Amino acid sequence: MADIIKLLPDHVANQIAAGEVVQRPASVVKELLENAIDAQATEIKLIIKDGGKSLIQVVDNGIGMSVTDARLSFERHATSKIEKAEDLFRLDTKGFRGEALASIAAIAHVEMLTKTDHDEVGTHLKIEGSKIVHQEVAVTPKGTSLTVKNLFFNIPARRNFLKSHQVELRHITDEFHRVALTHPNIEFHYYNNGSELFGLPKANHRQRIVHVFGSKTNQKLVPIHEETQVVKISGFINKPQFAKRSRGEQFFFVNHRFIRSPYLHHAVVAAFEGLIKSDTHPGYFIYLEVDPATIDINIHPTKTEVKFDDEQTLYAILRSCVKHSLGQFNIAPALDFEHDENMQTPYAYKNKTIVQPKVTVDAGFNPFVETNQKAPANRTYGKPNTQSWENLYVGLESKMGNQNPNDVYFESDTITGSIFENQKEEIESVATTFQLRRKYIVTTIKSGMVVIDQSRAHQRVLYEKFLRNSTIKEAVSQQLLFPLSLSFSKADMAILKDIQNNLTAIGFAFEEIQGESFQITGVPLMVAESEAGMVLDQLISDYQLEVDENSFSQADILSKTLAKTLSVKTGEVLDNESQLALVNDLFACKESRVSPFNKPIFVTITEDEIDKKFM
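1. Some words on the overall build of the protein chain
Point 1. Along the backbone of the protein chain there are 17 helices and 22 strands.
Point 2. Looking at the protein chain as a whole, 42% of its 615 residues are labelled buried.
Point 3. Look at the contacts in the protein chain between residues 6 or more apart in sequence, and 67% of them connect residues 24 or more apart.
Point 4. Carbon and sulfur atoms form 51% of the exposed surface of the protein chain, whose accessible area is close to 36,900 Å².

2. A word on the packing of aromatic side chains
Point 1. Evaluation of the coordinates by the stated rule reveals 16 aromatic pairs.
Point 2. For the pair Phe252 and Tyr284, a centre-to-centre distance of 4.8 Å together with 45° between the ring planes defines the contact as tilted. In this pair, Phe252 sits in strand S11 (residues 250–254) while Tyr284 sits in strand S13 (residues 284–289), placing the two residues 32 residues apart along the sequence. Taken individually, Phe252 and Tyr284 each receive the classification buried, so the pair is uniform in this respect.
Point 3. Between Phe253 and Phe258, the ring centres sit 6.0 Å apart and the planes meet at 65°, which makes this aromatic pair edge-to-face. Neither residue differs from the other here; Phe253 and Phe258 are each classed as buried.
Point 4. Of the aromatic side chains, those joined through ring pairs into one cluster are Phe213, Phe251, Phe253, Phe258, Phe285 and Tyr287.

3. Re the confidence of the model for the protein chain
Interpretation of this model should avoid reading the predicted coordinates in detail wherever pLDDT is low.
Point 1. Here the protein chain averages 80 in pLDDT, while 79% of its residues score no lower than 70.
Point 2. This model gives residues 374–382 a pLDDT under 50, and the stretch forms zero contacts once residues within four places in sequence are excluded.
Point 3. Low pLDDT, under 50, characterises residues 419–429; the stretch is placed with 23 contacts to residues that sit more than four places away or in other chains.

4. Looking at the environment of Val254
Point 1. Relative to the elements of secondary structure, Val254 occurs in strand S11.
Point 2. With a relative accessible area of 3%, Val254 lands in the buried category.
Point 3. The sequence separation of Val254 and Asp291 amounts to 37 residues, and the corresponding C-alpha distance is 10.0 Å.
Point 4. Beyond its immediate sequence surroundings of up to four residues, Val254 is in contact with Ile259, Leu288, Val290, Ile295 and Phe308.

5. A short note on the side chain of Gln579
Point 1. Considering the arrangement of structural elements, one finds Gln579 in helix H16 (residues 576–587).
Point 2. The exposure class of Gln579 is buried, given its relative accessible area of 3%.
Point 3. Within the structure, the side chain of Gln579 is placed 3.4 Å from the backbone nitrogen of Phe434, a separation counted as a polar contact.
Point 4. Here Gln579 is in contact with Thr433, Phe434, Gln435, Ile441 and Leu574, once residues within four sequence places are set aside.

6. Describing the pattern of salt bridges
Point 1. Taken as a whole and assessed by the stated rule, the structure comprises eight salt bridges.
Point 2. Glu175 is the salt-bridge partner of Arg178, the closest N and O atoms lying 3.0 Å from each other. Highlighted residues: Arg178 and Glu175, both in helix H6 (residues 165–182), separated by three residues, approximately one helical turn. The pair Arg178 / Glu175 is uniform in exposure class, with both members buried.
Point 3. Linking Glu249 and Lys244 is a salt bridge whose minimum nitrogen-to-oxygen distance equals 3.8 Å.
Point 4. You can call Glu249 buried: its relative accessible area is 12%.

What counts, and at which threshold
Throughout this description, residue numbers start from 1 for each chain and increase along the sequence as written. Owing to the predicted nature of the model, reporting of local features is limited to residues with pLDDT of at least 70; listing and counting of side-chain atom pairs is limited to 80 or more, with chain, interface and lining totals taken over all residues. Side-chain calculation: all heavy atoms of the structure are included, whereas hydrogens and water are not. Only runs of H or I of at least four residues qualify as helices and only runs of E of at least two qualify as strands under DSSP, and these elements are numbered from the N terminus. The rule is simple: take the accessible area with a 1.4 Å probe, protein chains only, and divide by the maximum for that residue type; under 20% is buried, over 50% is exposed, in between is partly exposed. Contact between two residues is taken to exist if any of their heavy atoms lie within 4.5 Å; hydrogens are not considered. With residues, only the protein chains shown are counted as cover, and all accessible areas are computed by Shrake-Rupley using a 1.4 Å probe. Only Phe, Tyr and Trp rings take part, Trp by its six-membered ring, and two of them pair if their centres are within 6.5 Å. Stacked means planes under 30 degrees apart, edge-to-face means over 60, and tilted covers everything else. Confidence scores per residue from the predictor, reported as pLDDT, run from 0 to 100. Whenever two N or O atoms come within 3.5 Å, that pair is a polar contact, provided that in protein one can donate a hydrogen and the other can accept it, and provided that, for residues adjacent in sequence, both atoms are side-chain atoms. Take a side-chain nitrogen of Lys or Arg and a carboxyl oxygen of Asp or Glu: if they are within 4 Å of each other, that pair is a salt bridge.

The structure is reproduced here in structure tokens:
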């Protein structure tokens, strides 16, 4: 029998390895930024074009590479981070596998410019599909500039599975945040299509968080700190009132490396128990420092999953640390009936010295001297004069003109549709409705009755209304007397710019969106001024979870979010007129059976089914 096992060529093996290391442009950004940090860079520039599909460039001022190192860095399992297996438990660098550059070079056009401090000239390399096509001496500053073009050019199937530019850019921004937040001592610059998205100077951890997520973040942060023999915990948690429905601002860092840990996340959520709603999530930026010998990060090529030797102890310490900070800064209420608040010393005055109070005495004061103080003559407390109220209506006839009352236009009657397409059973003209447990609306039809979920029914009515407005571009907006100022992070502001046209079509009116804040001059008729910020926050969180980015899906997502946020909730009391109007509006919809989230809206109970219950 002939031999059938063959050794794969290097370029084929590199493409197979690239499937694990490089999943999308954000994976390339992560690997290149970590290499720049390992190169002891103090300033890093990230340049992106077309969501990373056309261009990804990382420029640093690190130690650079010699000619031999530059050529060898693109070979598989070539690294300067470790030498033997035992070094895996003494890691103080980001990378250690030696697979990143080889995998990237196998599926893209890569260009490298690098130079060390003691060399007079640098090295220029060009690689396409693992093949070096150009190498020469070049004049370049100290450090390394690595450019990745045409990602997945030789794997068209993988390239077709990439999402739109906006989606890929958001993933790149997430990776940039994870790297920038854990290294505040490094200056970062992030450019997209020629414009600068982030310019982060050197700072401490709190300043870096504020620079990334906006100036309003500073008031949300509560510091945490705990140092034990097992772990050293530092960082910040968000106040409970700033908890969000989405899981955006949640970061764990272990030994200056971003990780994902549902187990530790549960510890933080447990500490917030009773302080936030069940459907919201707290924000946190927690930095853990443990002995490298007690964790294993060599689990997945992305290196975001780690294993701890003693997770139970770490869970208990983290939960206690968060609860202690919530209590220390008076975030969590304390029940102590014997506690005297007058004896409590504020933390700001803990280290201040005691100063004897000074008392001033008015020696000329005589309490027996009578003074004739008269009240101001122009101050009256009587009722206002209402005799001239007729003057308010003087001249009103001239403004009305000779308009005929018959010419005044009124809206037409509400259209009532049918419950079923095949059966023409319309709701009776004089329908009987009542509300059941503040959740369902029960109404009668000719063959029985219908039980309607009031929240889902209202969601369907609002969804079709907003979707129709966004499609026809004729939404009605109520103008605000005073513009409403709102602030968001730079990433959220970028999302608002993307969906601004759809928001305008629904009924929002904005002044120019720039920087970290903007003003709203108009809102849709169904949105109250006090709810505008909450609605936009929910729109951003739902939009971040969206996959497709065409205009129809944007309008669909916005309509669903507005319908879910503004609909009648379970527990709200509706009068008979509101119940009947909701029923009529529901069956006037194009699709009245299911909600926008594909859940049933109503059930019918026929008279025969009721009769069978009494047999």
